[in-house]
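Structural description and commentary
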Amino acid sequence: MLEGLSPNSLNGLKHKRFLWIAWPVLLAGPLAIWKPAASGVGIISLYNLARLHWLWPNEKIWLERANDLSAAGSFERALAHLSQPPLVYGYTAQVQAEFYKVSIYLASGRQHKAQKHLCAINTAALLLTERDKFETLFAYFYLQTGDFSNFLSAISDWSDSDIKEDSQKVILKSLALQEQGCFEKARGYLRQRIDRTQDPDQLWRLYNNLANLEEILGRNAHQRDHLEAAWHYWCVKPVPLGISQVAHNLAIRYVREGNIKRAHEVTSGVFQRIDSENLQQILKWYNLCVEVARESGDRARLSNLHFDFEDRAARLKLTPPERIMLGVTGLRMWLNDGVPLSTNDFVERIEELLGEIDRLAFEDQIPALAEIAHVIQQIWKRFLDFKEGVSVLTPLLNRCDAMFIDREGMIDAHLQTLSPSLVFERRRWLKYRNHSYKIRICQSEDYPDHALKGIFKNLRESAELCEEHQVTVQGMHDWLTICDEFVAYHTQIPAEWKTRLEQEYRNLAEHALDKAEALLEARPHPYGVEEIMLGVADFALQLHEDTTRARYWLRFFKSTNVSAWQYAEWLRERYQAIESKIRL
């Protein structure tokens, strides 16, 4: 009882959770004076006290089913299941269900809804153990939404004794230390926790994070050993999340060591352990295979994988939103890996997708249209020399743009409701707003002053928002995007507009390059910023013709031993272009 009331003192008595524990005890004495048999009312208190920690079997089954569905990547089914609670269930089960919902919304990228549910939880009614879970979940929320400054603040009060028996806290603490460059201390936390648990689900996560640290420190042999341990424990208790983490990391490690056979054994091992009827799991397995083929430079295998995936996907029973998501994802993957399709095939697929956009929820329509437009633009560039291809694709792009502009007001309304603390989500929706500005620029007959101001204003807001919340990698990306937009419009706009563009935005572009480079230099390790190195090198050439600066960052990129094949075709082409300019 005291645990339930702490630390908000007697305020807990006002909550329904504690009402039937506290008041029957208080009434038992006076009632016993009046009628001794009435003292049995205290049994009500004992029963409700036990219910604080004890779930009915139907409650356990309900929560376990939701957890299983979420772990399998079936987020919509998990949420639908949680929305149908048992006929009889208590507050303890309700609290756990709310925790599950927050985790599911975060895992599925719906940060706004996660924040809404998290803030609606009544902390005054939580037990100490639940409060601890709540605080851990809030720290994880900050990390997932891009509020790294508040994430650091949330975990700063965690003592060693607080986290030594909690794997999730250990992982969060080690991630914070890793980002701050305190690698040995982070390794120490992970090793201590590994020695204290025998849960395979926890062990694969701990070993995988330990392996990531070893890679940063250049200890490749240690990294492989830890990844093999993580793989062993993941195989004992496989969950889809591990495919993009431990399976991916181990397979790529094998490829870099020249052991392609072992890498393919990992991909085969994953397929044996997933649900071949689950779209999310198939997508994760397919992405793993594609990344292994990219890393090894096996273009023939890439082509075969795409055809094989399309064949498998055609046999899945999909909802309309899943079909659209799969279609958009498939087009992007075909495009990234340069697998040839005829113009008619692309047009037919895109027309089918555009015809089904209205089946999606609003928050899914905008990303889908932006993605389809991007694919059309990339295909259109490839067919510039073929009048027939351009004549077919241009009306398709115009249709897509018109559909996007029709939803422009929805984007503005959504941005008005998004808290700046949801860094990643606000950043994403600022990109969508910029997409509509770009459409306006393409349609403009006069200098597009309003649209250009909007684009650069939004990009600067996004970059500064990331810096403010200490999300430096995304901040570097946004600063470089300012450079990219300036260079692109300088190349594309009519000659009579270029002078004004130079006057208004060149200083911002040069400032953005300096900001990105300063953040890159301040980073304690090069892990995960290989693309940014190429970006700094590229814009050093394009904005300043500074070959010395570009050569420095290209050499840095090469020193990471990352294969350019691991990335999309456009980035591989960018790498080759920078290299050729420096050689000249």
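Every value quoted in this text rests on a predicted model; they were computed, and no experiment measured them.

1. What to know about the environment of A221
- Along the polypeptide, A221 turns up in helix 14 (residues 220-236).
- Between the alpha carbons of A221 and R253 there is a distance of 9.7 Å; along the sequence they are 32 residues apart.

2. Observations regarding the packing of aromatic side chains
- One pass over the full model with this rule turns up 17 aromatic pairs.
- When the ring of F138 is compared with that of Y142, the centres are 5.2 Å apart and the planes differ by 35°; the resulting orientation is tilted. With F138 and Y142 both in helix 8 (residues 128-145) and four residues apart, the pair spans about one turn of that helix.
- According to the relative accessible area criterion, F138 is buried, its value standing at 18%.
- The interplanar angle of 45° and the centroid separation of 5.3 Å between the aromatic rings of F148 and F151 together place this pair among those described as tilted. Residue F148 and its partner F151 are located together in helix 9 (residues 148-155), separated by three residues, close to a single helical turn. As far as burial versus exposure is concerned, F148 and F151 are alike and both buried.

3. Concerning empty space enclosed by the protein
- Per the stated rule, a full pass over the model turns up one cavity of 30 Å³ or more.
- Lining the largest cavity we find R427, L430, K431, N434, N458, L459, S462 and D478.
- Breaking the lining of the largest cavity down by element, the ones donating at least two residues are helix 24 (423-443) and helix 25 (449-468).
- With four residues, helix 24 is the single largest residue contributor to the lining of the largest cavity.
- By residue class, the composition of the lining of the largest cavity is two nonpolar, three polar and three charged.

4. Re the pattern of salt bridges
- Summed over the entire model, instances satisfying the criterion amount to 39 salt bridges.
- The closest approach of N and O atoms between E184 and R187, which form a salt bridge, is 2.8 Å. With E184 and R187 both in helix 12 (residues 183-194) and three residues apart, this pair spans about one turn of that helix.
- The class for R187 is buried, based on a relative accessible area of 11%.
- The closest approach of N and O atoms between E408 and R433, which form a salt bridge, is 3.1 Å. Residue E408 is located in helix 23 (residues 408-417), and its partner R433 is located in helix 24; the two are separated by 25 residues in the primary sequence. Residues E408 and R433 agree in their burial class; the two are buried.
- One network of salt bridges, with partners in common, ties together E184, R187, E214 and R219.

Conventions adopted
Residues numbered from 1 in each chain as written. Predicted model: local features only at pLDDT ≥ 70, side-chain atom pairs only at ≥ 80, totals over all residues. Heavy atoms only, no water. Helix = DSSP H or I, 4+ residues; strand = E, 2+ residues; numbered from the N terminus. Phe/Tyr/Trp six-rings, centres within 6.5 Å; stacked < 30°, edge-to-face > 60°. Buried < 20%, exposed > 50% of the residue type's maximum accessible area, 1.4 Å probe, protein only. 1 Å grid on protein atoms, 1.4 Å probe; cavity = no way out; pocket = protein on both sides within 12 Å on 5 of 7 lines; lining within 4 Å. Points joined across faces, edges and corners; volume = space filled by probe spheres on them. Nonpolar A, V, L, I, M, F, W, Y, C, P; charged D, E, K, R; others polar. Salt bridge = Lys/Arg side-chain N within 4 Å of Asp/Glu carboxyl O.

Geometric descriptors of this kind do not, in isolation, establish any biological role.
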